[in-house]
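If you want the building blocks of each chain, they are given just below.
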Amino acid sequence: MAKTVDELRNEIRVAVGRFEREISATFTKEDLAAICDAVGDDIDTDSLPPKPRMRAGILERIGERDDETGDVDRAFRKGELEAIAAALDA
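The rules behind these values
Residues numbered from 1 in each chain as written. Predicted model: local features only at pLDDT ≥ 70, side-chain atom pairs only at ≥ 80, totals over all residues. Heavy atoms only, no water. Helix = DSSP H or I, 4+ residues; strand = E, 2+ residues; numbered from the N terminus. Rg over C-alpha atoms; globule rule 2.2 N^0.38 Å. Buried < 20%, exposed > 50% of the residue type's maximum accessible area, 1.4 Å probe, protein only. Contact = heavy atoms within 4.5 Å. Lys, Arg positive; Asp, Glu negative; His and termini not counted. Charge placed at Lys NZ, Arg CZ, Asp CG, Glu CD. Core = buried A, V, L, I, M, F, W, Y, C linked by side-chain atoms within 4.5 Å.

### Examining the overall build of the protein chain
Link 1 in the chain: In terms of regular secondary structure, the protein chain is built from four helices and zero strands.
Link 2 in the chain: In terms of C-alpha radius of gyration, the protein chain reaches 12 Å, essentially the compact-globule figure of 12 Å for 90 residues.
Link 3 in the chain: Based on the C-alpha atoms only, the size of the protein chain along its principal axes is roughly 35 × 30 × 20 Å.
Link 4 in the chain: Burial analysis of the protein chain (90 residues in total) assigns 39% to the buried set.
Link 5 in the chain: Taking contacts inside the protein chain between residues at least 6 apart in sequence as the whole, the part at least 24 apart equals 28%.
Link 6 in the chain: Put simply, the protein chain has 14 plus and 22 minus side-chain charges, and the middle of one group is 4 Å from the middle of the other.

### Looking at the environment of Gly 40
Link 1 in the chain: As for its position among the elements, Gly 40 is in the loop between helix H2 (29–39) and helix H3 (51–61).
Link 2 in the chain: Taking the C-alpha atoms as reference points, Gly 40 and Asp 66, 26 residues apart in sequence, are found 19 Å from one another.

### Points about the nonpolar core
Link 1 in the chain: Among the nonpolar cores identified, the biggest contains 22 residues, and Ile 12, Phe 27, Ile 35, Ile 58, Phe 76 and Ile 84 are the most heavily contacted of them.
Link 2 in the chain: Those elements that place two or more of their residues in this core are helix H1 (5–15), H2, H3 and helix H4 (78–88).
Link 3 in the chain: Sort the elements by how many residues they give to this core and H2 lands first, with six residues.
Link 4 in the chain: Those residues in contact with Ile 84, other than ones at most four positions away along the chain, are Ile 12, Ile 35, Ile 58, Ile 62 and Phe 76.

In structure tokens, the structure reads:
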């Protein structure tokens, strides 16, 4: 059976050392920062960049970004979450 978006998010959280959430929740800035670190996207951890910029960096690092102009102003889509989980071997 295919995993839900919530299951994929929790799998990714666990893979980067964050905690699972019992409720449906998008990634926090801290979650995204941990994912950035895991995929090798250098960010300033003293002053976290905006979420859209971190999402764009993650997708670029794992090769899932066709359009490299601008930030990603939306939550990750299911296919993107599957690609992130695969890149993290979650």
